[in-house]
Amino acid sequence: MREFTVATRRKEELVNITSFVRQAIQESGKMRGICAVYIPHTTAGVTINESADPDVVLDILRGLRHAVPENLPYEHGEGNSPAHVKASIVGPSVSVLFEDGKLLLGTWQGIFLCEFDGPRTRRVWVQVVGE
């Protein structure tokens, strides 16, 4: 297993972590298998989506803000309830296949850490399983 950290800069942002995942696969020495990307946080998530057009990540954040507004009468007293809800919607992990030591992502796809309660330093765990 590999661990790396990501320092987020804003309250909400999507950070492309694809290069870190590629590096973990290379360092594993495995040529084919599956790679699990997981974060141990309750106010952040991981997703796969388009990485070519930066407007896509802005639209994802805008859509989540619309779906999970700040001004609901949340019970949780820390003030970050929307971040917990968004993280539950997105989820804490993704799994990606790899072949010939390369991630099998679509042409435009990237792997993103989704920050909903930043800025913070987030841990990312990558488990590479294969041969």
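A. Layout of the side chain of Glu12. Summarising the element assignment, Glu12 is placed in the loop between strand 1 (2-7) and strand 2 (13-16). Each residue touching Glu12, except ones within four places of it in the same chain, is listed here: Leu61, Arg65, Lys86, Glu115 and Phe116.

B. Quick peek at the sheet that holds strand 5 (residues 93-99). What the 5 strands build is an open sheet, ordered 1-8-3-5-6; its pairing is antiparallel. At either margin of the open sheet sits one strand with a lone partner, and together these are strand 1 and strand 6 (102-103). Seen against the sheet, helix 1 (residues 18-28) touches strand 1, strand 3 (33-38), strand 5, strand 6 and strand 8 (121-130) and runs at an angle of roughly 40° to strand 8.

C. Quick look at the nonpolar core. Counting 22 residues, the largest nonpolar core has Ile17, Cys35, Val37, Ile111, Val124 and Val126 as its most contacted members. Looking at this core, the elements that each hand over two or more residues are strand 1, helix 1, strand 3, strand 4 (44-50), strand 5, strand 7 (109-115) and strand 8. Once residues lying within four places of it in the same chain are set aside, the contact partners of Ile111 are Val15, Asn16, Ile17, Thr18, Val21, Val46, Thr47, Ile48, Val94, Val96, Leu103 and Leu105. Counting residues in each nonpolar core, the second largest holds 9 residues, with Val57, Leu64, Phe112 and Cys114 among its members.

D. Up close: the environment of Asn49. With respect to the element layout, Asn49 can be found in strand 4. Asn49 gets classed as partly exposed once you look at its relative accessible area, which sits at 31%. When the C-alpha positions of Asn49 and Pro69 are compared, they lie 22 Å apart, and in sequence the two are 20 residues distant. Residues within four places of Asn49 in sequence aside, it is in contact with Val56, Ile60, Trp108, Gln109, Gly110 and Phe112.

Rules and cut-offs
Residues numbered from 1 in each chain as written. Predicted model: local features only at pLDDT ≥ 70, side-chain atom pairs only at ≥ 80, totals over all residues. Heavy atoms only, no water. Helix = DSSP H or I, 4+ residues; strand = E, 2+ residues; numbered from the N terminus. Contact = heavy atoms within 4.5 Å. Pairing = 2+ DSSP bridges. Axes fitted to C-alpha atoms, helices over the stretch in contact; angles between N-to-C directions. Core = buried A, V, L, I, M, F, W, Y, C linked by side-chain atoms within 4.5 Å. Buried < 20%, exposed > 50% of the residue type's maximum accessible area, 1.4 Å probe, protein only.

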